[in-house]
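Letter by letter, the chains look like this.
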Amino acid sequence: MAAAGSWLFARAAGGRWLVRMEDLDRPRVVEGADRQILDALRRYGLEWDGEVVYQSQRTHLYDDALRQLREKGQVFDCVCSRSELQRAASAPAESDPAERIYPGTCRNGLPPGRAARSVRFRGEGVIALDDLVFGHVEEDLAATTGDFVIKRADGVFAYQLAVVVDDEAQGVTQVVRGADLLSSTARQIALQRALGYRTPQYAHLPLVVDAAGAKIGKRNGLHGVGDESLQLALRILGIEVDRGTPAQMLEQALARFDVSKIPRTPSCMNN
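Described below are features of the structure shown in this document. Everything numeric here is computed off the predicted structure, so don't read it as measured data.

1. Quick look at the overall build of the chain
Part 1 of the argument: Secondary structure assignment for the chain yields 9 helices and 11 strands.
Part 2 of the argument: Burial status across the chain gives 43% buried among its 271 residues.
Part 3 of the argument: Taking the contacts inside the chain whose residues are at least 6 apart along the sequence as the reference set, 73% of them involve residues at least 24 apart.

2. Describing the environment of Val156
Part 1 of the argument: Structurally, Val156 can be placed in the loop between strand 7 (148-151) and helix 6 (159-169).
Part 2 of the argument: Among the residues examined, Val156 registers a relative accessible area of 16% and is labelled buried.
Part 3 of the argument: Linking Val156 and Ser118, residues 38 residues apart in sequence, is a C-alpha distance of 9.3 Å.
Part 4 of the argument: Leaving out residues up to four positions away in the same chain, Val156 has contacts with Leu24, Asp25 and Lys151.

3. Concerning the packing of aromatic side chains
Part 1 of the argument: Scanning the model with the defined rule gives 4 aromatic pairs in all.
Part 2 of the argument: Residues Phe9 and Phe257 carry aromatic rings whose centres are separated by 5.1 Å and whose planes lie at 75 degrees to one another, so their mutual orientation is edge-to-face. Placement of the pair is Phe9 in helix 1 (residues 2-12) and Phe257 in the loop between helix 9 (246-256) and strand 11 (267-268), with a sequence separation of 248 residues. Each of the two residues, Phe9 as well as Phe257, counts as buried.
Part 3 of the argument: Residues Phe76 and Tyr102 carry aromatic rings whose centres are separated by 6.1 Å and whose planes lie at 35 degrees to one another, so their mutual orientation is tilted. Note that Phe76 is positioned in strand 3 (residues 75-78) and Tyr102 in the loop between helix 4 (82-88) and strand 4 (118-121), a separation of 26 residues in sequence. Each member of the pair, Phe76 as well as Tyr102, carries the same accessibility label: buried.

Here is what the cut-offs are and how they apply
Residues numbered from 1 in each chain as written. Predicted model: local features only at pLDDT ≥ 70, side-chain atom pairs only at ≥ 80, totals over all residues. Heavy atoms only, no water. Helix = DSSP H or I, 4+ residues; strand = E, 2+ residues; numbered from the N terminus. Buried < 20%, exposed > 50% of the residue type's maximum accessible area, 1.4 Å probe, protein only. Contact = heavy atoms within 4.5 Å. Phe/Tyr/Trp six-rings, centres within 6.5 Å; stacked < 30°, edge-to-face > 60°.

In structure tokens:
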């Protein structure tokens, strides 16, 4: 659905639609998954512009961005392990580790005799944005995440930094993605400002969830794409189209595309 929605946003604005493979976490990358994704996009008429970018081939760009942030004093090394953060952070122990606020243990220097594990960005200030679907959103970074990781203990660059660098390098002016990533946006805007980058427009699309409210996707039940997947995705985006070839349905959808009709609430379907 995010693919169809972002394609519509780009084409409605007369812009280019870019495809990027976020494959930095190599142990979790499934061999051949990129080909399956590209084949599915082609099958549904979602043709992209330019070459497909692979993040695993761009780590030199992320290294350069990290160097710039170090020179500006915007980042610091951190020794903390997950277990240490679980004991020290202010959020309840049963909460998701990603939701716990960093307690600032290494903000002013590493504890004696400890070696750095990760690199954190100093998360400060209130970030405001006007999302094209969700409207005005504000987040106080210190109250929601604190200082966040941009390079992990295993040496892998975090999603937050990589996408910011890639968006700038590719000249992205609009980011369209699922609503589950809305909580990432404030951190990305903070990084953009620290690096002197432009901030693109953002649009976050409703999720498809099961009866329990869990996001439905390839990893938990939707394998591949069926004949009605494109029509269903368009319906969730507030667009009714007649059955036809993918090209015919996309043509109808583009003519009827209206951002104001995109719902903010998740769409529930039985998995």
